[in-house]
Amino acid sequence: MTSRRRQSKYLTVLHLLAASNVIFAALPKVDFDRMGMVGLAGSFAGFDLFQNSSFSFNPSTSTILSRAVDGSLSPIASTSSGGRIAAGCAIGSTFYLGGSFSSVANTAASNVASYTPSSGAFTSLAGGLDGEVDAMYCDQSGGNVWVGGAFHAPISASGSNAYKGGVAVYNAKGNSWAPPPFGGLAGAAGRHSNPNGTNNPNVPFSIGATPFSSSLVPIPLTSPGTQIDASPSNTRPQFSNISNILCPGGPDGPGNTWLAQDGSTAQITVRTFQFSTASGLRLGNTFVEGRGTTAFSVLTIPDNQPLAFNYVDPVTLRNQTCSTSCPLGTDSSVLYQDFLFDGVPQSLTGLQITLSGWQGAGSGLHILQLLSSGAFASAVPSENQPSCFSPGASTAAQSGTWTTIQATTSIAGTTQPILVSTVTVGSPSSSSPSITWMPYVSASGDYDINLLIPGCTNLQDCPLRTSVKVTVLPGGGLPPVVTTVRQDVPTDMTTGIYRGPIFPTGPNFQTSIMMQLADQPVGSGQNGNFELVADRVELVLTSVNTTGGTGTGINGSVNAGNVNRGFGFFEWNLSGQGNVDATGVIPNSSETSNDALGLQLFSALGNNTSTSVPFIVNAVATHSSGTIFVGGNFTLSSGPANIVAFKGSSLTGLAGGGLNGPVNALGIVGDALYVGGAFLDTPSGTGGGAFRGVVRYDIQNDNWNALLAGVNGAVTDINLAQDKVNVVGNFTQLPTSPNSASGATAVGFATWDIGNGTWVNTGGFVTGNMAFVANGTGSATEFLAGSVTSSRTFGADGFAMISNGKQANGDPSINPLNVQLDSTAVSTAVTPQRRSFHRSSWLGSISLPHLFSRQTSNQPSALPASPPAPAPAVLAGAFWKNSSSSAQTVILGGNFSFPSGALTAQSVAFYDVARANVIGVRGAQINGTVRALQVSSNNTLVVGGQFTLAGSQGTGLAMYDLAQQQWDTSFQGLQGSQVVVRSLTIPPSKTNTLVVAGTFSAAGSLPCQGICQFDLSLKQWSQLGQGIQGDVSCVVYSSNPDLLVAGGSITLTDGTPSNVATYSFTNNTWSAVGHGSQIPGPVTACEVDNGNSSSIFAAGSASDGSAPFLTFWNGVSWTALGSAFRSTTSVSQLAMVPLQDTHSSNGIIESDRMLLISGSLASDSFGNVSSALFDGQNFFPYIVSSSPSGGPGFVSQFFHSLATFSFNQRHFLPIGVVILISIAIATGIVFLMVLVGILLTLFSRRDHTGVAGKLDPAEYDDDSLHRPSSLLAHINAATRGTIIGAGADSPFEQLKGETVDQHADVGSPGSETFAGEHERAAYIRATDTPIDAAPGTLQNDGEEMARPTHVRYSFEGEGEGELPLSSGAQVIVLDDRDPAWWYARDPNTGREGVIPASYLY
């Protein structure tokens, strides 16, 4: 009958698997709480619950994310390509954001927009602004948003003289713009969130650029007259075309990258065949196949002169110089680096770039651009080609008749097209032919505009030449500047025609330069005609800060009179009235006392802000005392740098002379000023290099305090929330010391806990170059934005707690590890210890046939390699209740390190969930990777993996006394050429035995391959039966019968291959599970469904590594469970988990549970996930994780605090029904009490000498009908403990003083039923038959012994003092002297009571 049932189940499996597939639906509701406390461990930095629709990140855009109270992150939307979000603030439930973009979430919005979290909608603000936004302030009372930046006016108000630039005010209620009461500011208002950021909104951000270099329009190298050669090139067509890198259309890769020939120095030659004024080179490295350029040099053509460069080191953010060998960074997050020519712009006709250093197989580039001096335009329309990153090309317009001729240049054999036109002598200027150049200007700034005039000698037209009038319209409401220029020059000449602010090209404005006949032309002409010549104009950028004032002719001047000039700071009272022009002269009546800050700052800068390194004020913060702190990129003539205080109406330097790099952000909490930027220390070096990127300044005591060692890059923004300091920027790590390469991973976002004085987990995970963070609306604690490459909702260094959630959708609640683990890899190099054994110490204990059979058998293949687990990775976990503090502690093991007191703890951590802190073990530290943990009943922590421990015997296994907090090195360890412990388990039926499994050849002096057992009391090793050959990856247990199930790459000692095998504790024998050929390869994970040996799951990889597998044993044979995974899949754990609801029943998995598959899972259906659920028919993607770099992570294991739990679901009645039942019960109790009272009254009236009084009590003391009277102490104590809350003492303690008559006959009248034979062995194991559960097997010699056993049948235990238990549960028998009822304890709940002896086995 049994065989027929199994065969039917097998047929059902075949039918189900034919339709096995992947389901994308609501996540199954796993009942984590039924397993106690549950932990999730793995190699990941962030993770998510799987979602059918995922957010796509594009690092060329700026992505905005919301951050919840628990720190979890949710991506909201991205800008247009090349966009940047730099500022934001909230009014009510609406968040306003600004930066440099043309759209957000595919909603057209020019540089400013609003976001409503409730609807998820983005809205343009009344047409937007004509330039980038750098700062925003939300006036809650007035409902106005004040916006500052590098713009002139709202697009809807283009041409209005009311806007003076830099500032505009948006009214939220009226959806309208208005100029500020003071008109605006001369220059960009607000701050740049990154001093090395992009000033040109069309240029993708790179930390290797500066606002100055990003404002330079690249010279088109794709024009027909330009020649570019590169050799030797890679032979692959997709990587051999040098033109691919001049303006790549996509990310680094095929078609967008040029690679040199492997192992060869390469040269790239650029010839323009005309003089071009250039300021530098833009080079973007390639990272294809691990290649890349590390060093280069540049020579000019044709004179072969080496060029020297200035550049920003993207790691230190310091200005550097180079010439003969310039370094090109190998950080893939740096899109490109700008190298500017040392000194003035160069007039070039060509370059030769030599790539002399490389990584990987050879050099290569992703981007190559020649940067102009600023901007340019030709009078010949065909010469105006679009520049890379520019939305349009420069243009030129003509009036009158113009003819194109070729002018000979100074380069032999080359010509330059120009335009000429004749005009009759005496013609008025207004009617003469004219040329209007309209150069594309990428960014606002101060420029010199030059007019190029071809010499008349080469053209042989000197008598025709005359003078021209040139009119420059700079924009921004500035008046035109008119200059008269003579063209009767014999040789080519460059003449300056303008110096001053220029505003960028926009949809409604473009700087123009018009040339026409002068009002009073010089010369007499020839044959009654003059000739006008038009060539090119060039704009030379001098500063990205437009310092104000009107532009002039190159030789002009502005007489400021007796007017004080301010810089970088302007204050306006919100209640102030208009009619003030802040771009001009402000009357004293409109100034505030704090405006003196800007005046003094300008004076302290030497009255000059137009320098090669532009001065910038980036941040302002005000202390409660009234002191104002100003940070930026400047150095006062008196010495203080980058940050000053305005206190008592005067500027004051801070301790140490300020900071030695730009300051980008400021935030104040009490008397602590938090400063973020691109600095390392103070100029005087007081911090020892520990102030990198972020530092705290004590306002009262005027001193600096390090935030440990800061961050390893620039901080762009700071926000204070919930007693935390959140910093964002371009960094990747939190170094442990100033010059250390180790530390916790933090890519672009980090959180400092003010109270604990340490870096903590941010709660979410993001990788990228973050630029902005600010407080959000009521539905979001904060908003973050930046160039994001990857993000996950939850962030944690390899561990999180997971429990049943309270959300309506049933999603679980996640509590990530709240501390940061270091990313320093722990050495895994394990040197086997050589040991010599005396032959008699082991040979005599092993039979010769067994010895020879092991030696002659074929060894099974090796296990598949585990997924890479770079630090920090948590690969194992266990729960332990600290008896001294009663606190639940999580013990973590893996590949990580962290500071613990004065030591650096490695590979093992004790995590206090309540206090959210970690400590390490005392004494020696694990040197390697921990892969398994187990806590025994005697408070011993057993650690397994691939490591060494100083002072221990052997490798891969260690034991730590949790009570004494010290290592136990007294036992003999494991031996082998490469010891790896993968599994540590304690059999349910042998609680004092530890089963160790993995890869090893001996345990102490005992040959024991792959799996061995260790007596925790005697500290002795012994084999499991005759042992096995091979390696073991997993061990699980079956309770019926009592079996150990092992998976791996296994061969039994008789030569039978069996990658899943069972060991019987009853007869000490190994058996193969099914036929070995049915399992296609080594097993990496296994599971038994609720102890049922006829329901086993195994996963692994085919022997040839071609494909993963998941297979099921139904008691008859193995059956493959579909093929949903790709060959790159690696399964690390299988675990059966209970559900809160049910799924469709099938013949593989019961409806109240699912199989949780964890590891690194890859599928064509759902991509890469770390955990998936399987219900016997369908796979459900469940957990998705990411590594610190943003790539796929993996889950090593789920682990839980309860050793056993029930899959049976608990069902609860509605509250109303419960109330009705309670009322009915109460009524019944009252009626019963009345009835009992009546009966007692009737009995009291009867004759007390009746028959009932003559009965002998011994005649009805029947064990089969009643619990023995000697158990009343137990029952009463158990009941009393339940009702009145007795102490923690076991009721079993009350029997310690009882004296039992050992000579009384069992069951005789008048004898105690617990009396019986006491001269027996300490413990005789119960067998499978209930009759064998012999009573009286516990000693009673003054101190009782306890023994574990299991429940055969579920017992409801509704009677007084009874212990309810479920079938299969483990119990501890405390008193078995009664043959019918035993007194026991439930180890999972701690409850004690009696249970029928026949129910146990």
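Residues numbered from 1 in each chain as written. Predicted model: local features only at pLDDT ≥ 70, side-chain atom pairs only at ≥ 80, totals over all residues. Heavy atoms only, no water.

Novice: Any details on the overall build of the protein? Residues and values, ideally.
Specialist: Counting its regular elements, the protein contains eight helices and 89 strands. Counting only residues that meet the buried cut, the protein has 55% of its 1401 residues in that class. Within the protein, counting contacts between residues at least 6 apart in sequence, those at least 24 apart form 60% of the total. (Helix = DSSP H or I, 4+ residues; strand = E, 2+ residues; numbered from the N terminus. Buried < 20%, exposed > 50% of the residue type's maximum accessible area, 1.4 Å probe, protein only. Contact = heavy atoms within 4.5 Å.)

Novice: Describe the sheet that holds strand E87 (residues 1370-1375), with residues and values.
Specialist: In a beta sheet, neighbouring strands pair by backbone hydrogen bonds and run either parallel or antiparallel. With antiparallel pairing, four strands are arranged side by side in an open sheet as E86-E87-E88-E89. The two strands at the open ends of the sheet, each matched to only one other strand, are strand E86 (1347-1350) and strand E89 (1392-1396). Ignoring which end each strand starts from, the neighbouring axes of this sheet average 50° apart. Strand direction decides the pairing type here: E87 and strand E88 (residues 1381-1385), joined by three bridges, are antiparallel. Each residue of the ladder has a partner; that of Val 1373, found in E88, is Ala 1384. (Pairing = 2+ DSSP bridges. Axes fitted to C-alpha atoms, helices over the stretch in contact; angles between N-to-C directions.)

Novice: Lay out the state of the cysteines with the relevant residues and their values.
Specialist: Evaluated as defined, the whole model comprises six disulfides. Two residues, Cys 1034 and Cys 1086, share a disulfide whose sulfurs are 2.1 Å apart. One quick way to see it: the torsion about the S-S bond of Cys 1034 and Cys 1086 is about 135°, and its sign makes the bridge right-handed. Taken together, the residues span a long stretch of sequence, with Cys 1034 in strand E73 (residues 1028-1039) and Cys 1086 in strand E77 (residues 1083-1088) at a distance of 52 residues. With respect to class, Cys 1034 is no different from Cys 1086; both count as buried. Sequence-ordered numbering of the bonded cysteines in the protein gives a disulfide pattern of 1-2, 3-6, 4-5, 7-8, 9-10, 11-12. (Disulfide = S-S within 2.5 Å.)

Novice: Break down the pattern of salt bridges for me, citing the residues and quoting the values.
Specialist: Taken as a whole and judged by the stated rule, the model has 24 salt bridges. Between Asp 1164 and Arg 1126 there is a salt bridge, with its nearest N and O atoms 3.1 Å apart. Taken as a pair, Asp 1164 in the loop between strand E82 (1153-1163) and strand E83 (1167-1174) and Arg 1126 in the loop between strand E80 (1118-1120) and strand E81 (1130-1138) lie far apart in primary sequence, 38 residues in all. When its relative accessible area of 69% is taken as the criterion, Asp 1164 is described as exposed. Across the pair Asp 1375 and Arg 1377 runs a salt bridge whose closest N-O atoms are separated by 2.9 Å. As far as the burial class goes, Asp 1375 and Arg 1377 line up, both buried. Each of Arg 236, Asp 262, Glu 289 and Arg 291 takes part in salt bridges that share partners, so that together they form one network. (Salt bridge = Lys/Arg side-chain N within 4 Å of Asp/Glu carboxyl O.)

Novice: Hey, could you go over the side chain of Glu 1362 for me, with residue numbers and the actual values?
Specialist: Secondary-structure assignment places Glu 1362 in the loop between E86 and E87. At 3.4 Å, the side chain of Glu 1362 and the backbone nitrogen of Glu 1358 are in polar contact. Among the polar contacts listed, one links the side chain of Glu 1362 to the backbone nitrogen of Gly 1359, at a separation of 2.7 Å. (Polar contact = N/O pair within 3.5 Å; in protein donor to acceptor, adjacent residues only side chain to side chain.)

Novice: Quick rundown of the confidence of the model for the protein? Include the residues and the values.
Specialist: With 82% of its residues at a pLDDT of 70 or more, the protein shows a mean pLDDT of 81. Counting interchain partners and residues more than four positions distant, the pLDDT-below-50 stretch residues 191-199 has 55 contacts. Ignoring residues within four places in sequence, the model shows residues 546-550, a span with pLDDT below 50, making 21 contacts including any to other chains. (pLDDT = per-residue confidence, 0-100.)

Novice: Quick one: what's the story with a nonpolar patch on the surface, residue by residue and with numbers?
Specialist: Together, Val 1230, Phe 1231, Leu 1232, Val 1234, Leu 1235, Val 1236, Ile 1238, Leu 1239, Leu 1240, Leu 1242 and Phe 1243 make up an exposed nonpolar region whose accessible area comes to about 1,100 Å². Relative to the helices and strands, Leu 1242 is located in helix H7 (residues 1215-1244). (Patch = residues over 30% accessible without salt bridge, like charges linked within 9 Å, V, L, I, M, F, W, Y side chains within 5 Å. Areas by Shrake-Rupley, 256 points an atom, 1.4 Å probe, with all protein chains shown as cover.)

Novice: Lay out the environment of Phe 239 in plain terms, naming residues and giving numbers.
Specialist: As for its position among the elements, Phe 239 is in helix H3 (residues 237-240). For the pair Phe 239 and Thr 257, spaced 18 residues apart in sequence, the C-alpha separation works out to 5.7 Å. Contact partners of Phe 239, with chain neighbours within four places excluded, come to Asn 234, Gly 253, Pro 254, Thr 257, Trp 258, Leu 259 and Val 288.

Novice: I'd like a rundown of the pairing of strand E11 (residues 121-124), residues and numbers included.
Specialist: Burial along E11 is one-sided: Phe 122 and Ser 124 are buried, and none of Ala 121 and Thr 123, which face the opposite way, are. Both strand E10 (residues 112-116) and E11 contribute to a ladder of four bridges, which runs antiparallel. Note that in E11 the partner of Thr 116 across the bridge is Ala 121. Counted along the chain from E10 to the antiparallel partner E11, the turn is four residues long, and its residue Gly 120 has a positive phi close to 75°.

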